[in-house]
Amino acid sequence: MDIYKLLRVVVIFCVINQGLAWWGGGGGSKSKSSSRETSKKSSSSGSSSSKRGSGIWGGSRSKPSKPAPKPQPKPKPKPPAPKPKPEDSGKRKSGWWGAKPKPAPKKTPEPTPKSKGSGWFWSGKKKNVPPKPKPKPKPIPETPPSSKPKPAPKPKQITKPETDIKKVIEKYEGMRLKAYDAQPKNPKVHDTTIGIGFNLNRPDAEKTFKKHVPGVDFNKVKSGEQTITKEQARALFNHDVDNIYEPRARNKVGKDVYDKLPSNVKAAVVNAVYRGDLGPKTTNLIKQGKWKEVGKEYLDHNQYKNADKLGIPGVKTRMDWNKEQFDTMIKQETPKQ
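Rules behind the numbers
Residues numbered from 1 in each chain as written. Predicted model: local features only at pLDDT ≥ 70, side-chain atom pairs only at ≥ 80, totals over all residues. Heavy atoms only, no water. Helix = DSSP H or I, 4+ residues; strand = E, 2+ residues; numbered from the N terminus. Buried < 20%, exposed > 50% of the residue type's maximum accessible area, 1.4 Å probe, protein only. Contact = heavy atoms within 4.5 Å. Areas by Shrake-Rupley, 256 points an atom, 1.4 Å probe, with all protein chains shown as cover. Patch = residues over 30% accessible without salt bridge, like charges linked within 9 Å, V, L, I, M, F, W, Y side chains within 5 Å. Salt bridge = Lys/Arg side-chain N within 4 Å of Asp/Glu carboxyl O. Phe/Tyr/Trp six-rings, centres within 6.5 Å; stacked < 30°, edge-to-face > 60°. Lys NZ or Arg CZ within 6 Å of the ring centre and 35° of its normal. Core = buried A, V, L, I, M, F, W, Y, C linked by side-chain atoms within 4.5 Å.

**Some thoughts on the overall build of the protein**
Per the secondary structure count, the protein includes 11 helices and three strands. Secondary structure elements of the protein occur, N-terminal to C-terminal, as α-α-β-β-β-α-α-α-α-α-α-α-α-α. The buried share of the protein, taken over its 337 residues, is 22%. Counted over contacts in the protein with a minimum sequence separation of 6, partners at least 24 positions apart contribute 58%. Counting only carbon and sulfur atoms, one obtains 57% of the accessible surface of the protein, whose full area is about 28000 Å².

**Topic: a nonpolar patch on the surface**
Among the surface-exposed residues, I3, Y4 and L7 lie close enough to one another that they form a single nonpolar patch of about 320 Å² accessible area. Considering the arrangement of structural elements, one finds Y4 in helix α1 (residues 3-38).

**With respect to the packing of aromatic side chains**
This model, assessed by the stated rule, comprises six aromatic pairs. With 5.4 Å between their ring centres and 65° between their planes, F209 and F218 make a pair best called edge-to-face. Ring geometry for Y298 and F326: centres 5.5 Å apart, planes at 85°, overall edge-to-face. Of the two residues, Y298 is situated in helix α9 (residues 291-299) and F326 in helix α11 (residues 314-327); the sequence distance between them amounts to 28 residues. Using a relative accessible area of 1% as the deciding quantity, one classes Y298 as buried. Taken together, the ring pairs in this structure connect F237, Y245 and Y274 into an aromatic cluster. When the ring centre of Y180 is taken as reference, the NZ or CZ atom of R176 above it lies at 3.9 Å. The lysine or arginine in question, K316, covers the ring of Y304, its NZ or CZ lying 5.8 Å from the ring centre.

**Digging into the nonpolar core**
Judged by nonpolar contacts, the single largest core of 36 residues is most densely connected at V269, W291 and F326. At eight residues, the largest contribution of residues to this core is made by helix α7 (residues 263-275). Not counting the four nearest positions on each side in its chain, V269 is found in contact with A249, V253, L261, L278 and F326. Counting 13 residues, the second-largest nonpolar core is a separate cluster that includes A179, I194, A205 and L236.

This is the structure:
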């Protein structure tokens, strides 16, 4: 039997007992008031007989109430084993009636802000996933020193000056297949040129041109109406270097001196003769072997000093290169005895 039901029966019994006692006492009071009005003298010394009966049965006043036998206590029933309370039920029963209390209003939990999921496929709380350990870089094995000795670094190659006479001249003259004025700002000189520095105003120009460039009108080429090909320009150039300018350079400085010169100095001498700037004073100094004075005298030239005014700036570069080759002979100069 549930202890709460037992308590409820006891409480109801007590309430009924008290109610009956109160109801019986009320009837006795009414009879007492009526007896006092009819006979005031009939009061007796036995006050105990006028006492109201009490109890649930409402006994008469003439007969003394017998003491009610003491109720023997009933054996207390063993309380049943308490039922295990559910974990989620923390409510207690309240009130003396033993009625079930009203359920307390449930507290709505505050919504926790959801963390945005990473990724477009789902959204949810991020899982506390431990970070993956970064892989340690693999140590690069040290290569054992090779038994072979390292090759020695190659020495820097010193660029030697060009020794081919024709390549040197063509480098500074260039090649043009249509007639042009080589000195456009010099009013005293009308230097019509074509190919690789072939002068069309010299006395033997037409004869040489017709011999090595047959079938081409010389006058039309000179006036600029007609052009020539690269092969024709090179044919005129090879003829001039082999048959005119190199023999002329050898004769100027002397055969014995010219043949003993290094190839780069020979190229400088022919280059100066081809352009026409190797003067007599410079030629005499070369013959005498006075190379310290050759370069200085060679640059003491009117066109070298006024190259920019005459519109021929390339002349300065060309003559500077020739001087550098002449200066290489200073160490070989024989001292005076």
